[in-house]
Amino acid sequence: MSSTETLLKTLLRNPYSIKSISQAKQLHAQIIKTNTTHLNLYHESLIGFNAFHPSLPSLALKSIIRCYTSNGLFLQTLTAFVKMWDSGDYPDHNVFPSVLKSCTHLMDLRFGESVHGCVIRVGLDSDLYTGNALMNMYSKLETSGGNGGLSDVACQVFDKMPRLGNVVGNDMCFEVSSDGNMVHFGRNLDRERVAGGSTMGCSMKTSYVSPQSNKQTGFFDRFGGMSNKVSRRNGENGALLMYNVRKVFEMMPKKDLVSWNTVIAGYAQNGFYKEALNMVREMGSASHLQPDSFTLSSVLPIFAEYVDVMKGKEIHGYAIRHGLDTDVYIGSSLIDMYANCTRVEDSCRVFNLLPQPDSVSWNSVIAGCVQNGAFDEGLKLFRQMLMAKIKPVNVSFSSIMPACAHLTTLHLGKQLHGRIIRGGLDDNLFIASSLVDMYARCGNIKTARWIFNDMEQNDIVSWTAMIMGCALHGHANEAISLFGQMEMEGVKPNSVAFLAVLTACSHAKMVEEAWQYFNSMVRDYGISPGLEHYASVADLLARAGKLEEAYGFISRMHIEPAGSVWSTLLASCRVHKNIELAEKVAEKIFSLDPNNTGAYVLLSNTYSAAGRWKEAAKLRTIMRDKGTRKKPACSWIEVNNEVHAFVAGDKSHPCYDKINEVMTILLEVMEREGYVVDTNEVLHDIEEEQKRELLCSHSERLAIAFGIISTPVGSTIRVTKNLRVCVDCHIATKFISKIVGREIIVRDNSRFHHFRDGKCSCGDYW
């Protein structure tokens, strides 16, 4: 503590040494000039000084309250406010906005309601700035009493203070409620008691009647009730809060643009979208005020929520006509709106037109690209943001990490992880969860688990990411164990968590366990199964050879099965060579989507696997006439921070000669070890030798051979494939892993395969 601060504290603790109001003013000025973060050191002494110099409270306390609030010392603000009232000095229009702002930040609606009672009592309910502060408080606080807000905090404050009784000469007082948790304003004489024994007095609880019980025509009747689209925050509490906001608004004799914007934003943020839009129209007709950037940025999220791009474009047009389109707040809202409407190109166009995009704008466009599958564009924008000297924040990393996960760019994910650690953000819950998901999806399940175990707290996102990671890597028992541990720790599983554990069961042939989880999801947690849950169970049954049971399960779904659900069964029909059921399933798919290329390919392959070449050829002809083409098999491998792509039979790679040489040598060694080519996987009516050549030129084999010649001896080879790994390539890769003594990780379109020492993590069940 500096010498000045020591002197100030000494003077405040010895009020007799200050002989005049002039000296008191000098002391006050010095306090204001001193670092405000230390004001709480002087607060108690300053209050004590009031008894000796009664003119000081009006001078000092009002300034101190404003100073506390402006520096984020909200608890101290309320403490000073209580003592100011207790001293008999009424607050004025300069004080109430600061106190109400503090109630808002502390999430304490009940205390704020009591302050509202004081506002009415001292006749400041018509003050413009106090009214704006009241509306802001009501629109942002969720329930009566907030989230507990000051309940615990109030106890700490008031336990340190003398018991507050009636104030002499003042008919208002504070009283602690019967539960001992909350302080309220009340009247000395005729105090009104409400349920539970709390003293509410001038609290808005007794000033207004709940709209649910009001039989008279009022606000809700005039506006036709609340919108059907209500956010999760709402219900009776949200309606009552916005009722209070609107009542305050209607009672204000003078309203400015801030007043209107506060109501509009309150409606929008609480999910009452219809009312928010009505207020925008009313503002233009009733007050002749023009919407500003705050107004537009408040209503744009409504159209993003409704995925109504046409209405969003109308707002965009208004912004352009009034020169607001280059405003960063409007720009960020437009970027979010277009991205949520899957118009990522328009999001990027809006961003590129911003003269000076800020951090929010950069993060909005990056998140929009990643959420719409434009992963490369998202990574490109992230690099540009760094070059523009915009410092990444928490949301920057949690937004870009899924791009690394989907593109399996492990080296970039590691670079981002290093930057996160250097920035001291690795303990952030959202970032840590993103890292778990990224490492798991990039094939490094060990690092994912290490990060997960190192987190101080695991939320549902991190639990789900870890469970799904274990499921995709073939660690079914570990995934199930984690799910049980999550439940034991009181984290309620959501639909995504159940999908993760069902996926684990599907990849490990755990039929009974899967049924238990599927039934528990509905019975114990009230979660209605989605298409992905049905598809997972159908896939499980079909993989296990229970084709008819899977067909019946899909047919009994409580929602219309999508083509993707039937396709899981059709794929298994090919594996188990059940042509009759495959034809039935294909008819179901074609009735839903006549141009489903995948269904044509699967049915054709089913015919080919059974040697019915004419039917297979007929289907290929139909596909050609429809202009549909089979997705080519492609594999990727990352070497020296560069991604190399291979397709089946591809000879265009610069290193093809070396790749072919390695493959020839490996094939010779593999055959000596007992490898026999499984030509049943070649679904073409050609000679056996041609089938052998086709198998040896599959894309994953080319990628693995390139990895062997391009990476250090003993290092892990990581390959990603867009289709399912065929049986012969699976057998061959097991042999290769043993011959070269290296771990080979192949991620196909449904799971990871870890090949090591001639074995695979999937146990040959995939």
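Above this text sits the structure in question.
Residues numbered from 1 in each chain as written. Predicted model: local features only at pLDDT ≥ 70, side-chain atom pairs only at ≥ 80, totals over all residues. Heavy atoms only, no water.

**A look at the overall build of the chain**
A count of helices and strands for the chain gives 38 helices and 8 strands. Residues classed as buried in the chain amount to 53% of the 766 residues present. Long-range contacts, defined here as pairs at least 24 residues apart, represent 65% of the contacts in the chain between residues at least 6 apart. Approximately 35,500 Å² of the chain is accessible, and the part contributed by carbon and sulfur atoms is 51%. (Helix = DSSP H or I, 4+ residues; strand = E, 2+ residues; numbered from the N terminus. Buried < 20%, exposed > 50% of the residue type's maximum accessible area, 1.4 Å probe, protein only. Contact = heavy atoms within 4.5 Å. Areas by Shrake-Rupley, 256 points an atom, 1.4 Å probe, with all protein chains shown as cover.)

**Some thoughts on the sheet that holds strand E7 (residues 752–756)**
Spatially, E4-E3-E5-E6-E7-E8 is the arrangement adopted by the 6 strands of the open sheet, whose pairing is mixed. Lying at the two open borders of the sheet, with one neighbouring strand each, are strand E4 (642–647) and strand E8 (759–760). Bridge analysis of strand E5 (residues 717–721) against strand E6 (residues 744–747) gives 4 bridges, and the strand direction is parallel. Bridged to Ile 717 within E6 is Ile 744. (Pairing = 2+ DSSP bridges.)

**Structural notes on the packing of helix H35 (residues 656–672) against helix H38 (residues 727–740)**
Running from amino to carboxyl end, H35 crosses H38 at an angle of 95 degrees, the nearest separation of the two axes being 10 Å. Considered as vectors, H35 and H38 are oriented roughly perpendicular to each other. Two secondary-structure elements touch here, H35 through Leu 666, Val 669 and Met 670 and H38 through Ala 732, Phe 735, Ile 736, Ile 739 and Val 740. Grouping the amino acids of the contact of H35 with H38 by side-chain chemistry returns 8 nonpolar, no polar and no charged. (Axes fitted to C-alpha atoms, helices over the stretch in contact; angles between N-to-C directions. Parallel < 35°, antiparallel > 145°, perpendicular 65-115°, else oblique. Nonpolar A, V, L, I, M, F, W, Y, C, P; charged D, E, K, R; others polar.)

**Digging into the nonpolar core**
The tendency in soluble globular proteins is for nonpolar side chains to be buried as a group. The biggest cluster of nonpolar side chains holds 172 residues, and the ones touching the most others in it are Val 115, Met 337, Met 438 and Leu 569. Core analysis: the second largest hydrophobic core is formed by 32 residues, Ile 659, Ala 705, Cys 726 and Ile 744 among them. (Core = buried A, V, L, I, M, F, W, Y, C linked by side-chain atoms within 4.5 Å.)

**Details of helix H29 (residues 531–543)**
Residues spaced three or four apart along an α-helix face the same direction, because each turn holds 3.6 residues. Across its 13 residues, H29 extends 18 Å between first and last C-alpha, which sits within 8% of the 18 Å expected from 1.5 Å per residue. Burial analysis of H29 places 11 of its 13 residues in the buried class, which makes it a mostly covered element. Considered for burial, the residues of H29 that qualify are His 533, Tyr 534, Ala 535, Ser 536, Val 537, Ala 538, Asp 539, Leu 540, Leu 541, Ala 542 and Arg 543. Elements that come into contact with the buried residues of H29 comprise helix H27 (495–507), helix H28 (511–523), helix H30 (547–555) and helix H31 (563–575). (Expected span 1.5 Å × (residues − 1).)

**Description of the pairing of E7**
For E7, the tally of buried residues reaches 4 of 5 residues, placing the bulk of the element in the interior. Here 4 bridges tie E6 to E7, and the two strands are oriented antiparallel to one another. Residue pairing across strands places Val 746 opposite His 753, the latter belonging to E7. The hairpin turn running from E6 into E7, its antiparallel successor, is 4 residues long. A loop of 2 residues connects E7 with E8, the two strands running antiparallel in sequence, and Asp 757 in this loop sits at a positive phi of about 55 degrees.

**Considering the packing of aromatic side chains**
Counted by the stated rule, this structure contains 20 aromatic pairs. Relative to Phe 96, the ring of Phe 81 lies with its centre 6.0 Å away and its plane at 65 degrees, an arrangement referred to as edge-to-face. Highlighted residues: Phe 81 in helix H5 (residues 74–86) and Phe 96 in helix H6 (residues 96–105), separated in sequence by 15 residues. Residues Phe 81 and Phe 96 agree in their burial class; the two are buried. Seen in terms of ring centroids, Tyr 534 and Phe 553 are 5.5 Å apart; in terms of plane orientation they differ by 45 degrees. Their pairing is tilted. Separated by 19 residues along the polypeptide, Tyr 534 in helix H29 and Phe 553 in helix H30 bring together distant segments of the chain. The residues Tyr 534 and Phe 553 share a single accessibility class, namely buried. Cluster of aromatic residues (ring-pair linked, three or more members): Phe 483, Phe 498, Tyr 517 and Tyr 525. The positively charged end of Lys 255 is found above the aromatic ring belonging to Phe 249, 5.0 Å away from the centroid. Across the ring face of Tyr 551, the terminal group of Lys 584 is positioned such that the distance to the ring centre comes to 4.4 Å. (Phe/Tyr/Trp six-rings, centres within 6.5 Å; stacked < 30°, edge-to-face > 60°. Lys NZ or Arg CZ within 6 Å of the ring centre and 35° of its normal.)

**Some points on the pattern of salt bridges**
Enumeration according to the criterion identifies 14 salt bridges in this entry. Across the pair Arg 449 and Glu 478 runs a salt bridge whose closest N-O atoms are separated by 2.2 Å. Here Arg 449 is found in helix H24 (residues 445–454), whereas its partner Glu 478 is found in helix H26 (residues 476–488), with 29 residues between them in sequence. You can call Arg 449 partly exposed: its relative accessible area is 22%. Given a relative accessible area of 31%, Glu 478 falls into the partly exposed group. We note a salt bridge from Glu 700 to Lys 721, for which the minimum N-O separation is 2.8 Å. Placement of the pair is Glu 700 in helix H37 (residues 699–710) and Lys 721 in strand E5, with a sequence separation of 21 residues. No difference in accessibility class separates Glu 700 from Lys 721, as the two residues are buried. Because the salt bridges share partners, they merge into one network encompassing Arg 246, Glu 250 and Glu 282. (Salt bridge = Lys/Arg side-chain N within 4 Å of Asp/Glu carboxyl O.)

**Some words on helix H15 (residues 293–306)**
Between its terminal C-alpha atoms H15 stretches 21 Å, which fits the 20 Å expected from 14 residues at 1.5 Å a residue. Of all the positions in H15, only Ser 293, Thr 295, Leu 296, Ser 297, Ser 298, Val 299, Leu 300, Ile 302, Phe 303 and Ala 304 are classed as buried. With its phi angle positive at about 55 degrees, Val 307 sits one or two positions after the end of H15.

**Notes on the pairing of E6**
Where burial is concerned, the two faces of E6 agree: the one with Ile 744 and Val 746 and the one with Ile 745 and Arg 747 are both buried. Handedness of the β-α-β unit built from E5, H38 and E6 comes out right-handed. (Right-handed = clockwise from strand over helix to strand, strands pointing away.)

**Brief notes about the side chain of Asn 261**
With respect to the helices and strands, Asn 261 occurs in helix H13 (residues 257–269). Classification of Asn 261 by relative accessible area gives buried; the value is 5%. Reaching out from Asn 261, the side chain makes a polar contact with the side chain of Asp 292 at a distance of 3.1 Å. (Polar contact = N/O pair within 3.5 Å; in protein donor to acceptor, adjacent residues only side chain to side chain.)

**Section: unusual backbone geometry**
Negative phi values dominate among residues other than glycine, just as trans dominates among peptide bonds. Located in the positive-phi region is Thr 342, a residue other than glycine, with phi close to 60 degrees. On the secondary structure map, Thr 342 appears in the loop between helix H17 (328–340) and helix H18 (344–353). Thr 342 gets classed as exposed once you look at its relative accessible area, which sits at 56%.

**A closer look at the packing of helix H22 (residues 410–422) against helix H23 (residues 429–441)**
At their nearest, the axes of H22 and H23 sit 11 Å apart, and the two run at 160 degrees to each other. If you check the angle between H22 and H23, you find them roughly antiparallel. You can see that H22 and H23 cross each other, and the crossing is left-handed. Contacts between H22 and H23 involve Leu 410, Gly 413, Lys 414, His 417 and Ile 420 on the former and, on the latter, Ile 431, Leu 435, Met 438 and Tyr 439. Of the residues that constitute the contact of H22 with H23, the class distribution is 6 nonpolar, 2 polar and 1 charged. (Left-handed = near helix turned anticlockwise from the far one by under 90°.)

**Points about the environment of Ala 645**
Mapped onto the secondary structure, Ala 645 falls in strand E4. Measuring from C-alpha to C-alpha, the distance between Ala 645 and Ser 699 comes to 8.6 Å, with 54 residues separating the pair along the chain. In contact with Ala 645, other than residues within four places in its own chain, are Cys 634, Ser 635, Trp 636 and Asp 650.

**A short note on the environment of Asp 308**
With respect to the secondary-structure elements, Asp 308 resides in the loop between H15 and helix H16 (309–321). Taking the C-alpha atoms as reference, Asp 308 lies 8.7 Å from Met 337; in sequence the two are 29 residues apart.

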